[in-house]
Amino acid sequence: MKVLVIGGGAREHALCRSLSLDPDVTALHCAPGNAGIAEVAELHGVNPLDGAAVAELAAGLRADLVVVGPEAPLVAGVADAVRDRGIPVFGPSAEAARLEGSKAFAKDVMAAAAVPTARSYVCTTAAEIDAALDAFGAPYVVKDDGLAAGKGVVVTEDIEVARAHALACVSPPRAAAAGTADTGGQAVIEEFLDGPEVSLFAVTDGETVVPLQPAQDFKRAYDGDAGPNTGGMGAYSPLPWADPKLVDEVMATVLQPTVDELRRRGTPFSGLLYAGLAITSRGVRVIEFNARFGDPETQVVLARLTTPLAGLLHAAATGTLAALPPLRWSDGAAVTVVIASHNYPDTPRTGDPIEGLADVAEQDAPEAYVLHAGTKRDASGAVVSAGGRVLSVTATGADLTAARRRAYRAVDRISLDGSQHRTDIAAKVADEPAEQTAGEAAPRA
């Protein structure tokens, strides 16, 4: 099988790593990729948002499967362009990807499918914003209706901060962060959901739904869940504290009803359906849907999946998931820690050299390894930072304690001037103290 992966972050590196280990994959390509992905796949300088160019590349490579990683290409219709060329593609159509591209659309689908979620208002004016904020009270939850690279949500006790973010969301649609689609021009204001959060992925061909193992990620920038929201600073799997029946419950009340509702509407969802969940005092509630693998949860979920990945994704792309044997998982655990650039999640500093990657490969592999996110090679061939989240240092172990220790040991080998990382990823479940004071990020030399 010849496989083409679209994207260039740590999620795509995790996908490419797993695909490269699949004996059925005879050739692996990625566009545009990054410095780490180049070690396992042939890179192509194609704009991932250009559906025609991606489809032409896939046809020229005679790809048997195209895997679209990020959300913006999906919302832009890249999967449609590839599918129109008769090439199997893992990823939903632009219409179905609205489940992530518009939070208002997702709320409408959930209401029709009786999926449990937070009460919410979709606002387009200042008056509607004020009424919604007053109706729910603090803490306030305000979401940009459109794509925002995982950073379009504000949760705050300060009504003025909430109002300012909501007003920014309803201003005329504007160009969002690089690599994302335009914002939606609407604000979604929700009730606050208490309880721990869980990420649950499911692979679907539009009818059959196959859940993966749950994971938990860490959205806030600093230890102790302090600081601004980010795209994700780390993750772990499995969740020893979760109800063993959680996956079955979410399948019955969230995932299958959503897939059924989209098919009923004539916009079947084929690809990866990501449910961001809150385990509240009133039961499971959906925080959000994504239309693709989550980052950094993908890093730990795929680290535990022993079923060959290409066959799973190809079955979803060709409507044959029902015939696939049950998925196989390792009995161990996985932890990933994100190393981010100076000033992330604000405008990051880039171009700094990264050292220590070879040390991790020599001393910690295969139990620990580095997945590249924002990296590239400079004119001299050295690997340098090229984005906000730079690396996902991932490790496996017999349990979360072992995986966590391996991950942080590998983190300590890496040097990136001015960078930061959280020191408390999986600390509570591994019953180990964080190395840093809550509310701070650990600086990197």
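Computed from a predicted model, the values in this text were never measured in an experiment.

K.L.:
Which parts of the structure should I look at to understand the overall build of the protein?
P.N.:
Summing up its helical and strand segments, the protein has 13 helices and 26 strands in all. In terms of overall size, the protein behaves like a compact globule, its C-alpha atoms giving a radius of gyration of 21 Å where 445 residues would be expected to give roughly 22 Å. Dimensions of the protein, computed from the C-alpha atoms along their principal axes, are close to 55 × 55 × 45 Å. Expressed as a percentage of its 445 residues, the buried residues of the protein come to 56%. Surface exposure of the protein reaches about 17,000 Å², of which carbon and sulfur atoms provide 50%.

K.L.:
Is there a simple way to explain helix α2 (residues 51-61) in this structure?
P.N.:
Side chains that are three or four residues apart share a direction in an α-helix, a result of its 3.6 residues per turn. Of the positions making up α2, those classed as buried are G51, V54, A55, L57, A58 and L61. End-on view of α2: buried residues confined to an arc of 160°, all on one side of the axis. Opposite its buried face, α2 presents the exposed residues A52 and G60, each directed more than 90 degrees away. Taken together, the buried residues of α2 touch β1 (2-7), β2 (27-32), β4 (65-68) and α4 (78-84). The residue sitting at the N-terminus of α2 and contributing the capping side-chain oxygen is D50; that oxygen lies 3.2 Å from the backbone nitrogen of A52. Looking one or two residues past α2, R62 carries a phi angle of roughly 55°, positive in sign.

K.L.:
Just to check I follow, could you spell out the side chain of T280 for this structure?
P.N.:
For T280, the position within the fold is in strand β16 (residues 271-280). Among the polar contacts made by the side chain of T280, one reaches the main-chain carbonyl oxygen of G283 at a distance of 2.6 Å. Once residues within four sequence positions are removed from consideration, T280 is found in contact with L193, D194 and R285.

K.L.:
How do you make sense of the pattern of salt bridges when you look at a structure like this?
P.N.:
A side chain of one charge can pair with a side chain of the opposite charge if their charged atoms are brought near each other. For the structure on display, the rule yields 23 salt bridges. Across the salt bridge formed by D108 and R265, the nearest N and O atoms sit 2.9 Å from each other. Here D108, found in helix α6 (residues 103-113), pairs with R265, found in the loop between α9 (246-264) and β16; they are 157 residues apart in sequence, far enough to count as distant. Taking relative accessible area as the criterion, R265 reaches 30% and is therefore assigned partly exposed. We note a salt bridge from E261 to R265, for which the minimum N-O separation is 2.7 Å. Residue classification places E261 among the buried positions, given a relative accessible area of 6%. Overlapping salt bridges, with partners in common, bring together R11, E12, E71, E100 and R292 in one network.

K.L.:
Any chance you could explain unusual backbone geometry here in plain terms?
P.N.:
With the exception of glycine, the majority of residues adopt a negative phi angle, and the majority of peptide bonds are in the trans configuration. A cis amide bond links A31 to the next residue, P32, at an omega of 0°. The peptide bond linking S237 to P238 adopts the cis configuration, its omega dihedral lying at 5°. Inspection of the secondary structure assignment puts P238 in the loop between β15 (234-237) and α9. Phi angles above zero are rare outside glycine, and R62 is one such case at about 55°. Along the chain, the position of R62 falls in the loop between α2 and β4. Relative accessible area serves as the criterion here: at 66%, R62 is assigned to the exposed category. Even without glycine at this site, D225 takes up a positive phi of about 55°.

K.L.:
Would you explain the sheet that holds β1 in this entry?
P.N.:
In any sheet, the strands associate via hydrogen bonds between backbone groups, in a parallel or an antiparallel arrangement. In spatial order, the strands read β3-β2-β1-β4-β5; together these five strands make up an open sheet with parallel pairing. At either margin of the open sheet sits one strand with a lone partner, and together these are β3 (42-43) and β5 (89-90). Alignment of β1 against β4, held across four bridges, turns out to be parallel. The residue of β4 that forms the bridge with L4 is V66. Against the sheet, helix α1 (residues 10-20) makes contact with β1, β2 and β4, and its axis sits at roughly 170° relative to β1, the strand it touches most. The sheet strands contacting helix α11 (residues 309-317) are β4 and β5, and the helix crosses β4 at an angle near 90°.

K.L.:
What's the story with the packing of aromatic side chains in this structure? I'm lost.
P.N.:
The geometry of two aromatic rings is summed up by the distance between their centres and the angle between their planes. All chains considered together, the criterion is met by five aromatic pairs. A ring pair is formed by Y121 and F136, whose centres lie 5.3 Å apart and whose planes are at 45°; its orientation type is tilted. Taken as a pair, Y121 in strand β6 (residues 120-123) and F136 in helix α7 (residues 126-136) lie far apart in primary sequence, 15 residues in all. On the numbers, 5.8 Å between centres and 85° between planes, the contact of F201 with F293 is edge-to-face.

K.L.:
Please explain the packing of α1 against helix α10 (residues 297-304) as it appears in this structure.
P.N.:
Between α1 and α10, the shortest axis-to-axis distance is 8 Å and the interhelical angle comes to 15°. Considered as vectors, α1 and α10 are oriented roughly parallel to each other. The two elements α1 and α10 cross, and the hand of that crossing is left-handed. Here A10, R11, A14, L15 and S18 of α1 lie close against α10, whose contacting residues are T298, Q299 and L302.

K.L.:
What exactly am I supposed to notice about the environment of P32 here?
P.N.:
Mapped onto the elements of the fold, P32 is located in strand β2. In the structure, P32 is positioned 19 residues away from H13 in sequence and 11 Å away in space, judged by C-alpha atoms.

K.L.:
Just checking my understanding: could you explain the pairing of β16 for this structure?
P.N.:
It is a general feature of regular strands that their side chains alternate between the two faces of the sheet. Taking burial as the measure, the ten residues of β16 include nine buried ones, the bulk of the element. The sheet contact formed by strand β10 (residues 197-204) and β16 spans eight bridges and is antiparallel. Across the sheet, residue V203 finds its bridge partner in β16, namely L272. By the bridge criterion, seven bridges tie β16 to strand β17 (residues 283-290) in an arrangement that is antiparallel. What sits directly across from T280, in β17, is G283.

K.L.:
Help me understand the sheet that holds strand β11 (residues 209-211) in this model?
P.N.:
Spatially, β11-β10-β16-β17 is the arrangement adopted by the four strands of the open sheet, whose pairing is antiparallel. With one partner strand each, in any of the chains shown, β11 and β17 form the two edges of the open sheet. Direction aside, neighbouring strands of the sheet carry axes that sit 35° apart on average.

The rules we used
Residues numbered from 1 in each chain as written. Predicted model: local features only at pLDDT ≥ 70, side-chain atom pairs only at ≥ 80, totals over all residues. Heavy atoms only, no water. Helix = DSSP H or I, 4+ residues; strand = E, 2+ residues; numbered from the N terminus. Rg over C-alpha atoms; globule rule 2.2 N^0.38 Å. Buried < 20%, exposed > 50% of the residue type's maximum accessible area, 1.4 Å probe, protein only. Areas by Shrake-Rupley, 256 points an atom, 1.4 Å probe, with all protein chains shown as cover. Arc of directions from axis to C-beta. Contact = heavy atoms within 4.5 Å. Polar contact = N/O pair within 3.5 Å; in protein donor to acceptor, adjacent residues only side chain to side chain. Salt bridge = Lys/Arg side-chain N within 4 Å of Asp/Glu carboxyl O. Pairing = 2+ DSSP bridges. Axes fitted to C-alpha atoms, helices over the stretch in contact; angles between N-to-C directions. Phe/Tyr/Trp six-rings, centres within 6.5 Å; stacked < 30°, edge-to-face > 60°. Parallel < 35°, antiparallel > 145°, perpendicular 65-115°, else oblique. Left-handed = near helix turned anticlockwise from the far one by under 90°.

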